Amino acid sequence: LNDLYTNGDAGFAILIIALALLERHLREKSGVHEGEIRDSKFYSELRWIFPALEDEATAKDFWHVYRNGLIHQVTLSQKTRRGVLMPAAWLSSKVGAVEIDSEGDFWVHPAKFAKLVVSTIEKDFTIFEGEGSPNHPLPMVCPITSGTGCVQPDDPPATGSFIL
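Being a predicted model, the structure only gives us computed values, none of them experimental.

Definitions and limits used
Counting of residues starts from 1 at the beginning of each chain's written sequence and follows it residue by residue. Under the rules for a predicted model, residues below a pLDDT of 70 receive no local features and side-chain atom pairs below 80 are neither given nor counted, while totals for whole chains, interfaces and linings still include all residues. Heavy atoms throughout the structure, all of them, feed into the side-chain values; hydrogens and water do not. In this text, buried Ala, Val, Leu, Ile, Met, Phe, Trp, Tyr and Cys residues form a nonpolar core when linked through side-chain atoms within 4.5 Å. Classification of residues uses two cut-offs on accessible area relative to the type maximum, computed with a 1.4 Å probe and protein chains only: under 20% is buried, over 50% is exposed, and between them is partly exposed. The numbering of helices and of strands both runs from the N terminus, where a helix is a DSSP run of H or I of at least 4 residues and a strand a run of E of at least 2. Here the expected length of a helix is defined as 1.5 Å per residue gap, with one fewer gap than residues. Under the rule applied, a polar contact is a pair of N or O atoms within 3.5 Å (in protein, one hydrogen donor and one hydrogen acceptor; residues adjacent in sequence only if both atoms are side-chain atoms). Contact criterion: two residues are considered in contact whenever any of their non-hydrogen atoms come within 4.5 Å of each other. Within this document, salt bridges are pairs made up of a side-chain nitrogen of Lys or Arg and a carboxyl oxygen of Asp or Glu, the two lying within 4 Å of each other. Throughout, an axis means a line fitted to C-alpha atoms (over the contacting stretch in the case of helices), and angles, computed between N-to-C directions, take values from 0 to 180 degrees. Any angle between 65 and 115 degrees counts as roughly perpendicular, while under 35 counts as roughly parallel, over 145 as roughly antiparallel, and the rest as oblique. Note: crossing handedness is left-handed where the near helix turns anticlockwise from the far helix by less than a right angle, and right-handed where it turns clockwise. Residue classes follow a fixed rule: Ala, Val, Leu, Ile, Met, Phe, Trp, Tyr, Cys and Pro count as nonpolar, while Asp, Glu, Lys and Arg count as charged, and any other residue, Gly among them, counts as polar.

**A few points about the nonpolar core**
Next, step 1: Counting 34 residues, the largest nonpolar core has Leu22, Leu46, Phe50, Tyr66 and Phe113 as the members making the most contacts within it.
Next, step 2: For this core, the elements supplying multiple residues, two or more each, are α1 (11-30), α2 (40-49), α3 (56-73), β3 (106-108) and α4 (110-123).

Here's what the structure looks like:
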């Protein structure tokens, strides 16, 4: 992410990466693991990181607009599946990590948002490692020290691992 922070055209890419990282952290921290519906514990953890999201309803709307929109459709969500209008949403380099203006519109500074997500995860990486998500272990990078081409290691790494 560090190389993207100064690229003014990378806001959506930064947010997509940061939101995926944030979701894993929030699910682990709140105990709302795989297959469970996000609940008040989940949104409380989101609000702790981003205090501008003053209540659970606002946090839910924010999550729908940014996370659901970007992760599922690579755009900011404007409506729910039932057609309910969401607050307008913007990306800007002239705001804090997350702000809500007097009209109720959401504003996100992608680099500030991502830096806050990463620093939150780094403060207690054991949460992010995800003991509560056994079906989604973190990937590993395993170096190959000899041979050319494709080498089959004696003990294959876990699914999701990368072999260099």
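**Describing α1**
Next, step 1: Under the 1.5 Å per step criterion, the end-to-end length of α1 is 27 Å for 20 residues, consistent within 8% with the ideal 28 Å.
Next, step 2: Backbone geometry just after α1 places Gly31 at a positive phi near 80°.

**Considerations on the side chain of Ser30**
Next, step 1: Within the element layout of this structure, Ser30 appears in helix α1.
Next, step 2: By relative accessible area, which is 9% here, Ser30 ends up buried.
Next, step 3: Within the structure, the side chain of Ser30 is placed 3.4 Å from the backbone nitrogen of Val32, a separation counted as a polar contact.
Next, step 4: With residues up to four places along the chain from it excluded, the contact list for Ser30 reads Lys41, Phe42 and Glu45.

**A few points about the pattern of salt bridges**
In a structure, side chains of opposite charge can pair up when their charged atoms sit close to one another.
Next, step 1: Scanning the entire structure with this criterion turns up 4 salt bridges.
Next, step 2: One salt bridge connects Lys60 with Glu56, and the closest N-O pair in it is separated by 3.5 Å. Taken as a pair, Lys60 and Glu56 lie in helix α3 at a separation of 4 residues, close to a single helical turn.
Next, step 3: Lys60 gets classed as partly exposed once you look at its relative accessible area, which sits at 39%.
Next, step 4: Assessed through its relative accessible area of 28%, Glu56 is described here as partly exposed.
Next, step 5: The structure contains a network of salt bridges with shared partners spanning Glu23, Arg27 and Arg67.

**A look at the packing of α1 against α4**
When two helices pack together, their arrangement is given by the angle between their axes and by how far apart the axes lie.
Next, step 1: Contact geometry of α1 with α4 gives a least axis separation of 9 Å together with a crossing angle of 25°. Here α4 runs roughly parallel to α1, going by the angle between their axes. Of the two possible hands of crossing, α1 and α4 adopt the one that is left-handed. Mapping the contact onto sequence places Gly11, Ile14, Leu15, Ala18, Leu19, Leu21, Leu22 and His25 in α1 and Pro110, Ala111, Phe113, Ala114, Val117, Val118, Thr120 and Ile121 in α4.
Next, step 2: Among the residues making up the contact of α1 with α4, the classes are represented as 13 nonpolar, 3 polar and no charged.

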